[in-house]
Amino acid sequence: MEGKNTAIVLAAGQGKRMNSKVQKQFLELGGKPLLYYSLKCFQDSGLIRDIILVTGAESISFCKKEIVEKYGFTKVTKVVSGGKERYDSVYQGLLSCQDTEYVLIHDGARPFVTEEIIQRGVQGAEKTGACVIGMPSKDTVKIADIQGYVAETPDRSTVWTIQTPQIFEYRLIREAHEKIRCRDMSAITDDAMVVEQETGVKIALVEGSYKNIKITTPEDLDIAEIFLKALEKMADI
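Residues numbered from 1 in each chain as written. Predicted model: local features only at pLDDT ≥ 70, side-chain atom pairs only at ≥ 80, totals over all residues. Heavy atoms only, no water.

Asks: Quick question: what am I supposed to make of the packing of aromatic side chains here?
Replies: Aromatic rings considered in pairs are described by the distance between their centres and by the relative angle of their planes. This model, assessed by the stated rule, comprises six aromatic pairs. When the centroid spacing of 5.0 Å and the interplanar angle of 90 degrees are considered together, the rings of Tyr-36 and Tyr-37 count as edge-to-face. A relative accessible area of 14% places Tyr-37 in the buried class. Between Tyr-71 and Phe-73 the ring centres are 6.2 Å apart and the planes differ by 35 degrees, which places this aromatic pair in the tilted class. The exposure class assigned to Phe-73 is buried, which follows from its relative accessible area of 2%. Through a chain of ring-to-ring contacts, three or more aromatic side chains come together here, namely Tyr-36, Tyr-37, Tyr-71 and Phe-73. Just above the ring of Tyr-210 sits the side chain of Lys-138; from NZ or CZ to the centre is 4.2 Å. (Phe/Tyr/Trp six-rings, centres within 6.5 Å; stacked < 30°, edge-to-face > 60°. Buried < 20%, exposed > 50% of the residue type's maximum accessible area, 1.4 Å probe, protein only. Lys NZ or Arg CZ within 6 Å of the ring centre and 35° of its normal.)

Asks: What am I meant to see in the sheet that holds strand β7 (residues 130-136) here?
Replies: What holds strands together in a sheet is hydrogen bonding between their backbones, with the strands either parallel or antiparallel. If you trace the seven strands from one edge of the open sheet to the other, you get β5-β4-β1-β6-β10-β7-β11, paired in mixed fashion. In this open sheet, the two edge strands, each paired with only one partner strand, are β5 (76-81) and β11 (204-207). Looking at each pair of strands side by side, their axes are set apart by 25 degrees on average, direction ignored. Contacting β1 (5-11), β4 (50-55), β5 and β6 (102-107), helix α1 (residues 34-44) crosses the sheet at an angle of about 180 degrees to β1. Together, β1, β4, β5, β6 and β10 (160-169) form the strand contacts of helix α3 (residues 86-95), whose direction differs from that of β1 by roughly 145 degrees. (Pairing = 2+ DSSP bridges. Helix = DSSP H or I, 4+ residues; strand = E, 2+ residues; numbered from the N terminus. Axes fitted to C-alpha atoms, helices over the stretch in contact; angles between N-to-C directions. Contact = heavy atoms within 4.5 Å.)

Asks: I would appreciate a short explanation of the side chain of Asp-50 in the present structure.
Replies: Structurally, Asp-50 can be placed in strand β4. One polar contact links Asp-50 to Thr-6, side chain to side chain, over a distance of 2.7 Å. At 3.4 Å, the side chain of Asp-50 and the side chain of Arg-49 are in polar contact. Ignoring any residue separated from it by four or fewer positions in sequence, one finds Asp-50 in contact with Asn-5, Thr-6, Ala-7, Lys-75 and Thr-77. (Polar contact = N/O pair within 3.5 Å; in protein donor to acceptor, adjacent residues only side chain to side chain.)

Asks: Just checking my understanding: could you explain the nonpolar core for this structure?
Replies: Nonpolar side chains in soluble globular proteins tend to end up buried together. Within the largest apolar cluster, 44 residues are counted, with the highest numbers of intra-cluster contacts made by Leu-35, Leu-39 and Leu-53. If we skip the residues at most four places from it in the chain, Leu-39 touches Val-9, Ile-51, Leu-53, Ile-67, Phe-73 and Val-76. With 23 residues, the next largest nonpolar core counts Cys-97, Val-103, Ile-105 and Ala-176 among its residues. (Core = buried A, V, L, I, M, F, W, Y, C linked by side-chain atoms within 4.5 Å.)

Asks: In this structure, what is going on with helix α4 (residues 115-128)? I would like to understand it.
Replies: In an α-helix, one full turn covers 3.6 residues, which means residues spaced three or four apart are oriented alike. Considered for burial, the residues of α4 that qualify are Ile-117, Ile-118, Gly-121, Val-122, Gly-124 and Ala-125. Around the axis of α4, the buried residues are gathered within 165 degrees of arc, so they sit on the same side. Buried residues along α4 sit in contact with α1, β6, β7, β10 and β11. Where α4 ends, the next residue or the one after it, Gly-129, has phi of about 105 degrees, a positive value. (Arc of directions from axis to C-beta.)

Asks: How should I be thinking about the packing of helix α5 (residues 170-180) against helix α6 (residues 191-198) in this particular structure?
Replies: The description of two packed helices rests on the angle between their axes and on the distance between the axes. It is at 9 Å that the axes of α5 and α6 come closest, and there the two elements cross at 75 degrees. When the interaxial angle is binned, α5 and α6 end up roughly perpendicular. Every residue of α6 that contacts α5 at Leu-172, Ile-173, Ala-176, His-177, Lys-179 and Ile-180 is listed here: Asp-191, Val-194, Val-195, Gln-197 and Glu-198. Partitioning the contact of α5 with α6 into residue classes produces six nonpolar, two polar and three charged. (Parallel < 35°, antiparallel > 145°, perpendicular 65-115°, else oblique. Nonpolar A, V, L, I, M, F, W, Y, C, P; charged D, E, K, R; others polar.)

Asks: Can you walk me through the pattern of salt bridges in this structure?
Replies: Any two side chains of opposite charge can pair if their charged atoms end up close together. All chains considered together, the criterion is met by 12 salt bridges. Two residues, Arg-171 and Glu-169, come together in a salt bridge whose shortest N-O distance is 3.2 Å. Overall, the relative accessible area of 45% leaves Arg-171 in the partly exposed class. A salt bridge links Glu-175 to Arg-171; the shortest N-O distance between them is 3.7 Å. Residue Glu-175 and its partner Arg-171 are located together in helix α5, separated by four residues, close to a single helical turn. Of the residues examined, Glu-175 reaches a relative accessible area of 37% and is grouped as partly exposed. (Salt bridge = Lys/Arg side-chain N within 4 Å of Asp/Glu carboxyl O.)

Shown next as C-alpha cells:
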C-alpha cells in the first residue's frame, strides 16, 4: 500500500449553513481549527507522501502561517486556490499533483478521518482504481418525485451514505475530470460521480465510520465536541 499517495484536502467552502462569520473549516474544535484534525491524520499516516491544501484565495496566507507552519504540517507541499464549486477546487488540487499514484480527496470539514479509514480506502482503490468511503444507512430513505410525494422506497440494505476520503488512481480521476469539464457539471456532488459518468470503472464501497461526520451546521459542531472529548478520554486511559 505504500507509495506515491497524495491527500487533497478541500477547505475552500463558505459554510453558509453554519451561520458564522468564520468559515467552518477555521472554526475552533477543542481549541484548534477544524481543519487541523484531518491534516494531522494525513500528516501522521505512513500511506501519505504529500498533502495539497485547497482553500480560498483570500485564505492562502492564513493557512500557510496559522495552520501549516504553526502546527508543523511538513507534508503540506502546496496551498492552492480553489474554484467557485467543489469540483473546481478538486480539479485545481489534481492539477497540483506531481508524480502521484493515488489521490485521496477529503473534505477539510470532516475532522474524524482515521488511519484505519485511510488504510481501508487505499486497499479498496487498489482493486479497480476507485473507492469511496461510506457507511450503511441507519435510516429508511425515500425517493421523492418533483411534486414532493414519495415515489420510491429503496431497500435500506443497499443504501449507503457517502463520506470522504474518496480514493482514486491519479490517472483515472484526472482524465475523468478533464473529460467532464466540457459538459454541464451542475449535478455533480462528489468525485465518484465524475468517474461513474466518464468511465466504466467499478467503484469499491468501503466502510468509514459513523463518527466521520461532515461539519455543516452548528449542531454538527456540538456533536463533534462530544466525539473529540470521548477520543481524548480514551487516549488518557
